[in-house]
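Summary of structural features
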Amino acid sequence: MSKLHVSTKVNGDAVEFLCDPRETLLDCLRDKLNLTGAKEGCGTGDCGACSVTVDGRLVCSCLMLGVEAEGKEIATVEGMAEGEELHPLQKKFIEYAALQCGICTPGVLVAAKALLEKNPNPTEEETRYWLAGNLCRCTGYDKIIRAVMDTAADMREAS
Amino acid sequence: MNYHSPASFAEASALAAASTGVTRFLAGGTDVLVQLRSDLVTPDLLIDIKKIDGVSKITRTDEGGWTLGVAVTGAEMSEHGELGRDWPGIVEAMDLIGSTQVQGRATLTGNLCNGSPAADSVPAMIAAGVTLTVTGPDGDRVVAVEDIPTGPGRTSLAKGEVISAVNIPPRGDNAGDAYLRFIPRTEMDIAVVGCGVSLRLEGDKIIEARVSLGAVAPTVLLVEDCAAAIVGTTLDEAALEALAAAASAACNPIDDKRGTIAFRTDVAGVLAKRAAKIAYARAKGENA
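Since the model is a prediction, treat every value here as computed from it, not as a measurement.

It is worth spelling out the overall build of chain A at this point. Per the secondary structure count, chain A includes 5 helices and 5 strands. In sequence order, chain A lays out its α and β elements as β-β-α-β-β-β-α-α-α-α. Against the globule reference of 15 Å for 159 residues, chain A gives a C-alpha radius of gyration of 16 Å, in line with a compact fold. With the C-alpha coordinates aligned to their principal axes, the bounding extent of chain A is approximately 50 × 30 × 25 Å. Looking at chain A as a whole, 41% of its 159 residues are labelled buried. Long-range contacts, defined here as pairs at least 24 residues apart, represent 59% of the contacts in chain A between residues at least 6 apart.

Right, let's get into the packing of helix 2 (residues 88-95) of chain A against helix 3 (residues 105-118) of chain A. All names here are of chain A. Across the interface, helix 2 lies against helix 3 with an axial gap of 10 Å and an inter-helix angle of 130°. Our classification of the angle between helix 2 and helix 3 gives oblique. Relative to helix 3, helix 2 is oriented so that their crossing is right-handed. Here Leu89, Gln90 and Phe93 of helix 2 lie close against helix 3, whose contacting residues are Thr105, Leu109, Ala112 and Lys113. The class makeup of the residues in the contact of helix 2 with helix 3 is 4 nonpolar, 2 polar and 1 charged.

A negative phi holds for most residues other than glycine; trans holds for most peptide bonds. Of note, alanine 97 of chain A is a non-glycine position whose phi angle comes to about 50°, a positive value. You will see that methionine 188 of chain B, though not glycine, has its phi angle at about 60°, which is positive. Tracing the chain through its elements places methionine 188 of chain B in the loop between strand 11 (175-182) and strand 12 (193-202). Judged by local crowding, methionine 188 of chain B falls into the partly exposed class, with 16 C-beta atoms found within 10 Å.

Residue and element names in this part refer to chain A. Pairing geometry for strand 3 (residues 51-54) and strand 4 (residues 57-60), over 4 bridges, is antiparallel. From the neighbouring strand, threonine 53 faces strand 4, where its bridge partner is leucine 58. Counting the residues between successive antiparallel strands, the hairpin from strand 3 to strand 4 contains 2 residues, one of them, aspartate 55, with a positive phi of roughly 50°.

All names here are of chain B. Taken in spatial order, the 4 strands line up as 11-12-13-14 in an open sheet, and their pairing is antiparallel. Since the sheet does not close on itself, it has two edges, and those belong to strand 11 and strand 14 (221-222), each with one partner. Docked against the sheet, helix 5 (residues 88-95) engages strand 11 and strand 12, running at close to 20° with respect to strand 11. Helix-sheet contacts for helix 11 (residues 261-283) involve strand 11, strand 12 and strand 13 (205-214), and the interaxial angle to strand 12 is about 35°.

This next bit is on the interface of chain A and chain B. In this complex, chain A contributes 23 residues to the contact, which on the side of chain B involves 22 residues. The set of elements that each furnish at least two residues to the side of chain A that touches chain B consists of strand 4 and helix 4 (124-130) of chain A. Looking at which element gives the most residues to the side of chain A that touches chain B, the answer is strand 4 of chain A, with 4 residues. Classifying every residue of the side of chain A that touches chain B by side-chain character gives 13 nonpolar, 7 polar and 3 charged.

Residue and element names in this part refer to chain B. As paired strands, strand 1 (residues 2-4) and strand 3 (residues 45-48) are joined by 3 bridges and run parallel to one another. Paired with histidine 4 across the two strands is isoleucine 47, which belongs to strand 3. Strand direction decides the pairing type here: strand 2 (residues 23-26) and strand 3, joined by 4 bridges, are parallel. Looking at strand 3, one finds that phenylalanine 25 is bridged to isoleucine 47. Where the polypeptide runs from strand 2 across helix 2 (residues 32-37) and back to strand 3, its parallel neighbour, the crossover connection is right-handed.

What counts and what doesn't
- Residues numbered from 1 in each chain as written.
- Chains lettered and ligands numbered in written order.
- Predicted model: local features only at pLDDT ≥ 70, side-chain atom pairs only at ≥ 80, totals over all residues.
- Helix = DSSP H or I, 4+ residues; strand = E, 2+ residues; numbered from the N terminus.
- Rg over C-alpha atoms; globule rule 2.2 N^0.38 Å.
- Buried ≥ 20, exposed ≤ 12 C-beta atoms within 10 Å, placed from the backbone.
- Contact = placed C-beta atoms within 7 Å.
- Axes fitted to C-alpha atoms, helices over the stretch in contact; angles between N-to-C directions.
- Parallel < 35°, antiparallel > 145°, perpendicular 65-115°, else oblique.
- Left-handed = near helix turned anticlockwise from the far one by under 90°.
- Nonpolar A, V, L, I, M, F, W, Y, C, P; charged D, E, K, R; others polar.
- Pairing = 2+ DSSP bridges.
- Right-handed = clockwise from strand over helix to strand, strands pointing away.

See below:
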């Protein structure tokens, strides 16, 4: 079968690409659109390094085909900052050094942003359960959780 | 691999019936894509059913039950509210599957058709008496959930058949359901044993019950001896012991690194008792 044409929106921009039906959304984001923020960790939906949102819903882009993106709105880590201005979560992750090697970080940030949009005042337990699908082998999670909780507090204060 | 996204179940069924190679239906894809990726199953034909009208709808039926489209995700079920008040066991069982990311895609139908004996939502659906509408080359038929799995990774669905709706019965009064599973950690794991219980009371006495066990046999089991052990009782200590004994007696598990035969057999009894207590409390209108 020849390649399929897909029209979709990524971080607010209309984009088009041709893909083989076997290619995942992650393959398409990285290899066709050069958006290499989302990472392939496991490729089987266990690690969360490829997390993006599709129509506002947090998903693993490795568990979705590129062709399924037709007509959807995708958001990746590349869309979090407003120009040079980092998202509050990104700033806090730097401030707290809530990362080491950084492979999991784009996925964690996208997942944490989705959490705070759904629940601006999560408990630590809710935060840990929400992020249970984002594996980090460097930090031991504590700094990540503290960064998310404190960003949530800052954002509540600011709003 | 050919990819199609038909506009109706009749069309989906016709595509599958006419296919000569390996066919898979794609809903959430949380199992199908993993199998594709790991070269376990590379379909010649992939039929995406998410473009069919109504597949993402949760609808209250005229009789007071629910019809769920086959692409309704776990996240949508958890967010629904009313569905969870009627059938907390089903919604909680679905919610136990995978991460937030997986919940954003995974479906009841996919969990069932993947054919895993450890599928968390399946014992809850069987206990609840859920049925499926199946569309095939000869039209629609209605099948009970317990009649779908035939062994690990296998189902009773014939070539060209596709599940087109999930039918949850009316909850009715004085009734409750629950699902519990054992895993050695708190999140992101596969059931070592799972147990679903649904029951109805008249006063303090149980007048109807269905009990289902997962991960203790080649398919999820509907255990009639468990129901018989508690129907007519007030779920007193003797009834609970009889329930546990019936649950353990129904087990025919495998021995593997996640649980031995002896462990799974014992835990089946423990979970049956605990799930029955929760379902009973819910039937009494208590928060559990």
